[in-house]
Amino acid sequence: MLPFKLIYSDDYYLPIGAHVFPAEKYRRVHDRLIETGAAEAADFLTPGPTSDQDILLVHTPAYVHKLKTGTLSPREEMKLEVPFSPELVRAFWLAAGGSILAAQRALIDRVAINIGGGFHHAFADHGEGFCMIHDVAVAIRRMQRDDKIRTAMTVDCDVHHGNGTAAIFAGTRTASGPLPSAAGPTMNPAHGGKMRGVHAGDVFTISLHQHNNYPAVKPPSSIDVDLPDGIGDDDYLAWLDNALSSGLRQFEPDLLCYIAGADPYREDQLGGLSLTMEGLKKRDELVFRVARVRGIPVMVTFAGGYAHNVEDTVAIHCNTVLAAKAVFGG
């Protein structure tokens, strides 16, 4: 029995046909956790779809109306990069319900993991990059509306910049002074990494991503770590440690929302970093350890993962559960 809950539904499956996004990964993660004994049936909670009212905490009425009535323009559908259908709309409402449930459970158990979610390219008024609804933003705003939390921090470790997250939570940010030096024994300036930042309002956003990758336009997060192509485990972990330290010096979150993308993996089709499976598990453990030491509840979403072998993506996501068990099991 895990000391926290996993949020999952068979209906997380995205009805998008043959696609680089492995829609079956959610079921495979669930099944592998059960088959390997890492989790049991009682560890899983089944979410329901969230309400339109919750979606409207983040997304504009005009956009929600288009989704509910199937009236997106051809250009809007093209930006989604997945085929639109009413079934897809229901899947995204369900993913948002799952992230809300994960946030609620995180306050009870210190950590909770949504086997789906992490759709960080969705904006308030449109979708992009396989992302229709920003489930993490919806969860944060719902928790704030219910007076469960006042502040939140997003830590986005997908290989792609969290452009929707940055735009949704832009608020009244103003340029900050230089961040503390990221120089360290494993971070050679010649590697080309860069950390930049601006202050935030009630949500502080951190994005650790490959600079030369989607999206072309990257709105400023509270902290952006622009990583060079091909960076490996040690450099990545050092940059992440520095970003977390810097962010938590500036901001005190009531909830940490960890977007645990599997796509920094060196065999990912849509990524260009060189992390190993072990390095990605250490990444997860680092985030969890920092949160546990500071007493910050963590809700996790899985986001992207496009390995040539889908079983690699499944293994990386399962390792996130194992990392949480290792850190919060005691």
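Each chain has its residues counted from 1, following the order in which its sequence is written. Where local features are concerned, this predicted model is filtered to residues with pLDDT of at least 70; where side-chain atom pairs are given and counted, the filter is 80 or more; whole-chain, interface and lining totals use all residues. Each side-chain value is worked out from all heavy atoms of the structure, with water and hydrogens disregarded.

### With respect to the overall build of the chain
Stage number 1. Strands here mean DSSP runs of E at least two residues long; helices mean DSSP runs of H or I at least four residues long; both are numbered from the N terminus. Each helix and strand counted, the chain has 10 helices and 9 strands in total.
Stage number 2. On C-alpha atoms alone, the chain measures out to a radius of gyration of 18 Å, which is about the 20 Å that the 2.2 N^0.38 rule sets for 330 residues.
Stage number 3. By principal-axis analysis of the C-alpha atoms, the chain measures approximately 55 × 45 × 40 Å.
Stage number 4. Burial classes: relative accessible area under 20% of the type maximum marks a residue as buried, over 50% as exposed, and values in between as partly exposed (1.4 Å probe, protein chains only). For the chain, buried positions account for 59% of its 330 residues.
Stage number 5. We call two residues contacting when some pair of their heavy atoms lies within 4.5 Å. Counting only contacts in the chain whose residues sit at least 6 apart along the sequence, the fraction spanning at least 24 positions is 80%.
Stage number 6. The Shrake-Rupley method, run with a 1.4 Å probe, gives the accessible areas here. Residue values count only the displayed protein chains as cover. For the chain, the accessible surface area stands at approximately 12500 Å², while carbon and sulfur atoms represent 52% of it.
Stage number 7. Considering the chain, the positive charge centre built from 30 side chains and the negative charge centre built from 39 side chains are found 4 Å apart. Throughout, radius of gyration means the C-alpha value; the globule benchmark is 2.2 Å times the number of residues raised to the power 0.38. His is not counted, nor are the chain ends, whereas Lys and Arg count as positive and Asp and Glu as negative. To locate a charge, take atom NZ for lysine, CZ for arginine, CG for aspartate or CD for glutamate.

### Quick notes on the pattern of salt bridges
Stage number 1. In what follows, salt bridge is the name for a side-chain nitrogen of Lys or Arg lying within 4 Å of a carboxyl oxygen of Asp or Glu. Taken as a whole and judged by the stated rule, the model has 15 salt bridges.
Stage number 2. Here Arg28 makes a salt bridge to Glu311, at a shortest N to O gap of 2.8 Å. Of this pair, Arg28 sits in helix α1 (residues 25-35) while Glu311 sits in helix α10 (residues 310-328); the two residues are 283 residues apart in sequence, bridging distant segments of the chain.
Stage number 3. For Glu311, the salt bridge goes to Arg32, with nearest N and O atoms at 3.7 Å. On the criterion of sequence distance, the pair formed by Glu311 in helix α10 and Arg32 in helix α1 is long-range, its members being 279 residues apart.
Stage number 4. Among the residues examined, Arg32 registers a relative accessible area of 31% and is labelled partly exposed.

### What to know about unusual backbone geometry
Stage number 1. In this chain, Tyr214 is followed by Pro215 through a cis amide linkage whose omega measures -5°.
Stage number 2. For Pro215, the position within the fold is in the loop between β6 (203-210) and β7 (223-227).
Stage number 3. In this structure, Arg110 is a non-glycine residue whose phi angle is positive, near 80°.
Stage number 4. Despite not being glycine, Ala303 shows a phi value in the positive range, around 55°.
Stage number 5. As for its position among the elements, Ala303 is in the loop between β9 (298-301) and α10.

### Description of the packing of helix α5 (residues 86-109) against helix α6 (residues 135-145)
Stage number 1. Where α5 contacts α6, the axes come no closer than 8 Å and their chain directions differ by 50°. Taken as axis vectors, α5 and α6 run oblique relative to one another. Here the hand of the crossing between α5 and α6 comes out right-handed. Across from Ala95, Ala96, Ser99, Ile100, Ala103, Gln104 and Leu107 in α5, the residues of α6 making contact are Asp135, Val138, Ala139, Arg142 and Met143.
Stage number 2. As a working rule, the residues Ala, Val, Leu, Ile, Met, Phe, Trp, Tyr, Cys and Pro are called nonpolar, Asp, Glu, Lys and Arg charged, and the rest polar, with Gly in that last group. Its residues placed into classes, the contact of α5 with α6 shows 8 nonpolar, 2 polar and 2 charged. Angular values range over 0 to 180 degrees, each being the angle between N-to-C directions of two axes fitted as lines to C-alpha atoms, with helices fitted over their stretch in contact. Oblique is the label for every angle not falling under 35 degrees (roughly parallel), over 145 degrees (roughly antiparallel), or within 65 to 115 degrees (roughly perpendicular). Working rule for handedness: look at the near helix, and if it is turned counterclockwise from the far one by less than a right angle, call the crossing left-handed; if clockwise, right-handed.

### Points about the confidence of the model for the chain
Stage number 1. For every residue, the predictor states its confidence as a pLDDT score lying anywhere from 0 to 100. Residues with a pLDDT of 70 or more make up 91% of the chain, whose mean pLDDT is 91.
Stage number 2. Taken together, the stretch residues 172-191 has pLDDT below 50 and engages in 37 contacts with residues farther than four places along the chain or on a different chain.

### A few points about the pairing of β7
Stage number 1. With 5 of 5 residues buried, β7 lies mostly within the body of the structure.
Stage number 2. Burial along β7 is two-sided: Ile223, Val225 and Leu227 facing one way and Asp224 and Asp226 facing the other are all buried.
Stage number 3. At least two bridges found by DSSP between two strands are what make those strands a pair. As paired strands, β6 and β7 are joined by 5 bridges and run parallel to one another. Each bridged residue has a counterpart across the sheet, and for His209 the counterpart in β7 is Asp226.

### Here we look at the nonpolar core
Stage number 1. Of all hydrophobic cores here, the largest spans 109 residues; its most connected members are Leu33, Met132, Ile133, Tyr258 and Phe288.
Stage number 2. Examining the composition of this core, we find that 13 residues originate from one element, α5, more than from any other.
Stage number 3. Discounting chain neighbours no more than four positions away, the residues touching Ile133 are Ile55, His59, Tyr63, Leu67, Phe92, Trp93, Ala96, Phe119, Ala122 and Val138. Joining through side-chain atoms within 4.5 Å is the link that ties buried Ala, Val, Leu, Ile, Met, Phe, Trp, Tyr and Cys residues into a set, and such a set is a nonpolar core.

### Brief notes about the packing of aromatic side chains
For any pair of aromatic rings, the description rests on two quantities: the centre-to-centre distance and the angle between the ring planes.
Stage number 1. Ring geometry is summarised as follows: Phe, Tyr and Trp rings, the Trp one being its six-membered ring, pair when their centres sit within 6.5 Å, and such pairs are stacked at plane angles under 30 degrees, edge-to-face over 60 and tilted between the two. Enumeration according to the criterion identifies 11 aromatic pairs in this entry.
Stage number 2. Their ring planes at 65° and their centres at 6.0 Å tell us that Phe130 and Tyr306 sit as a pair that is edge-to-face. Here Phe130, found in the loop between β3 (111-114) and α6, pairs with Tyr306, found in the loop between β9 and α10; they are 176 residues apart in sequence, far enough to count as distant. Side by side, Phe130 and Tyr306 carry an identical accessibility label, which is buried.

### Focus on the environment of Lys79
Stage number 1. In this fold, Lys79 is placed in helix α4 (residues 74-80).
Stage number 2. Given the relative accessible area of 31%, Lys79 is considered partly exposed.
Stage number 3. Considered as a pair, Lys79 and His121 are 42 residues apart in the sequence and their alpha carbons are 10 Å apart.
Stage number 4. The residues contacting Lys79, other than those within four sequence positions of it, are His126, Gly127, Glu128 and Gly129.

### Notes on helix α8 (residues 233-250)
Stage number 1. The length a helix should cover is 1.5 Å for every residue beyond the first. With 18 residues, α8 extends 26 Å between its outermost C-alpha atoms, agreeing within 8% with the 26 Å of an ideal straight helix rising 1.5 Å per residue.
Stage number 2. For α8, a buried count of 13 out of 18 residues is recorded, marking the element as mostly surrounded by other parts of the structure.

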